[in-house]
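Descriptive structure summary
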Amino acid sequence: MLNAIDKKRVVQIALFHIAVIALANYTVQFTGTFMGYYFTWAMFVFPLVILATDLTVRLSSQSNARVIVGIAYIPAILISAWLADWRIGLASGTAYLVGQLLDITVFQRVRERTKLWWPAPLLSTFFANIIDTYTFFSVAFYQSADEFMAANWVGVASVDLGFKIVVSMVLFLPVYGVLLNFLGRKTILHTS
């Protein structure tokens, strides 16, 4: 089932996913405004999960990434429900599962078609963020008890999505490239 990566590393990456999801679902409860647009602070946190998933696929395999998503799924729901509420926990788990499985599939297909390092994380991050964001906000806030979010979830989700994509492209994609380069050199040095 697990290949090219040991079980300890899979558990460590899954725990990282759970921690990022928990932090994102805690911070999604807090809104801010930028130039008159509402956003949640989670937009700065969640793209880290997509970065971790893409690196896992690139450095090991799709199947390992799916195992990590499977391991993180239930604990992420439970922790998020405890930190926020049951609806955010359920929304988070649903969005995480759907978004990350899509991310894994898109990433691998794009990666197989090009030798360049950046198209796969660029496209997979873009599509995974769209699916994850709208799935999460619709399940968490459509007709919810939070009157503001129930009335404004589409707008807040759209602003969050825009910010997530910008943050991912401006910050996380370059970090991904640096990490990939570092890990590639480290692997080459250890195998020489």
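Before reading on, note that the structure itself is shown above.
First, a word on scope: everything that follows refers to the structure included in this document. None of these values were measured; they are calculated from a predicted model.

Rules behind the numbers
Position numbers for residues count from 1 along each chain, tracking the sequence in the order it is written. Since the coordinates come from a predicted model, pLDDT governs what is reported: local features require at least 70, and pairs of side-chain atoms require 80 or more to be given and counted, while whole-chain, interface and lining totals use all residues. Working from all heavy atoms in the structure, the side-chain values ignore hydrogens and water. Strand pairing is assigned whenever DSSP identifies at least 2 bridges connecting the two strands. Secondary structure elements follow DSSP: runs of H or I no shorter than four residues count as helices, runs of E no shorter than two count as strands, and numbering proceeds from the N terminus. Pairing of aromatic rings covers Phe, Tyr and the six-membered ring of Trp, with a centre-to-centre limit of 6.5 Å; geometry is then stacked below 30 degrees between planes, edge-to-face above 60, and tilted otherwise. Think of it in three bands: residues with accessible area under 20% of the maximum for their type are buried, residues over 50% are exposed, and the middle band is partly exposed, with areas taken using a 1.4 Å probe on protein chains only. In this scheme, a helix's expected span is set at 1.5 Å multiplied by one less than its residue total. Like-charged residues within 9 Å of one another, or nonpolar side chains (Val, Leu, Ile, Met, Phe, Trp, Tyr) within 5 Å, are grouped into patches, provided each residue has over 30% relative accessible area and no salt bridge. Each accessible area is a Shrake-Rupley result for a 1.4 Å probe, and residues are judged covered by the shown protein chains and nothing else. Here, a salt bridge means any Lys or Arg side-chain nitrogen found within 4 Å of an Asp or Glu carboxyl oxygen. Any pair of N or O atoms that falls within 3.5 Å is considered a polar contact. Within protein, one atom must be able to donate a hydrogen and the other to accept it, and sequence-neighbouring residues count only if both atoms are side-chain atoms. Here, two residues are considered to be in contact whenever any of their heavy atoms come within 4.5 Å of each other. A 1.4 Å probe that fits into a set of points on a 1 Å grid over the protein atoms alone but cannot get out defines a cavity; an open set with protein on both sides within 12 Å along at least five of seven lines defines a pocket, and lining residues are those with an atom within 4 Å of a point. Grid points are joined across faces, edges and corners, and a volume is the space filled by probe spheres set on the points. Charged means Asp, Glu, Lys or Arg here, nonpolar means Ala, Val, Leu, Ile, Met, Phe, Trp, Tyr, Cys or Pro, and polar covers whatever is left, Gly included.

Details of the pairing of strand 1 (residues 31-34)
Judged from the four bridges that link them, strand 1 and strand 2 (residues 37-40) form a sheet pairing that is antiparallel. Bridging across to strand 2, Thr31 finds its partner in Thr40. Between the antiparallel neighbours strand 1 and strand 2 lie two residues, among them Met35 with a positive phi of about 50°.

Points about the packing of aromatic side chains
Within the structure shown, the criterion is met by eight aromatic pairs. Between Tyr26 and Phe30, the ring centres sit 5.2 Å apart and the planes meet at 70°, which makes this aromatic pair edge-to-face. Overall, Tyr26 belongs to the partly exposed group, its relative accessible area being 37%. Taking the centre distance of 6.1 Å and the plane angle of 80° together, the rings of Phe136 and Phe141 count as edge-to-face. Three or more aromatic residues link up through ring pairs in this structure, and these residues are Phe136, Phe137 and Phe141.

Comments concerning helix 5 (residues 119-141)
Between the first and last C-alpha of helix 5 there are 33 Å, a value that for 23 residues agrees with the 33 Å anticipated at 1.5 Å per step. One or two positions beyond helix 5, positive phi appears at Gln143, with a value near 50°.

As for a nonpolar patch on the surface
A surface patch of nonpolar side chains, amounting to about 490 Å² of accessible area, comprises Leu23, Tyr26, Phe30, Trp41 and Phe44. Of note, Phe44 is situated in the loop between strand 2 and helix 2 (47-59). Among the residues examined, Phe44 registers a relative accessible area of 36% and is labelled partly exposed.

So, the side chain of Asp54
Considering the arrangement of structural elements, one finds Asp54 in helix 2. There is a polar contact of 2.9 Å between the side chain of Asp54 and the side chain of Ser124. In this view, Asp54 contacts Asp103, Phe107, Pro121, Ser124, Thr125 and Tyr176; residues no more than four positions away in its chain are not counted.

Digging into empty space enclosed by the protein
A complete count under the given rule lists two cavities of 30 Å³ or more for this structure. The volume enclosed by the largest cavity comes to roughly 140 Å³. Taken together, 16 residues line the largest cavity, and the ones lying closest to its centre are Asn25, Phe46, Asp132, Phe136 and Lys164. Secondary structure elements with two or more residues in the lining of the largest cavity: helix 1 (7-27), helix 4 (86-113), helix 5 and helix 6 (147-191). Its residues assigned to classes, the lining of the largest cavity comprises ten nonpolar, three polar and three charged. The space that makes up the second largest cavity amounts to roughly 90 Å³. Forming the boundary of the second largest cavity are Pro47, Ile50, Leu51, Asp54, Pro121, Leu122, Thr125, Ser168, Met169, Phe172, Leu173 and Tyr176. Among the elements of the structure, helix 2, helix 5 and helix 6 are those that each provide at least two residues to the lining of the second largest cavity. Among the elements that take part in the lining of the second largest cavity, helix 6 stands out by supplying five residues, more than any other. Among the residues forming the lining of the second largest cavity, the class breakdown is nine nonpolar, two polar and one charged.

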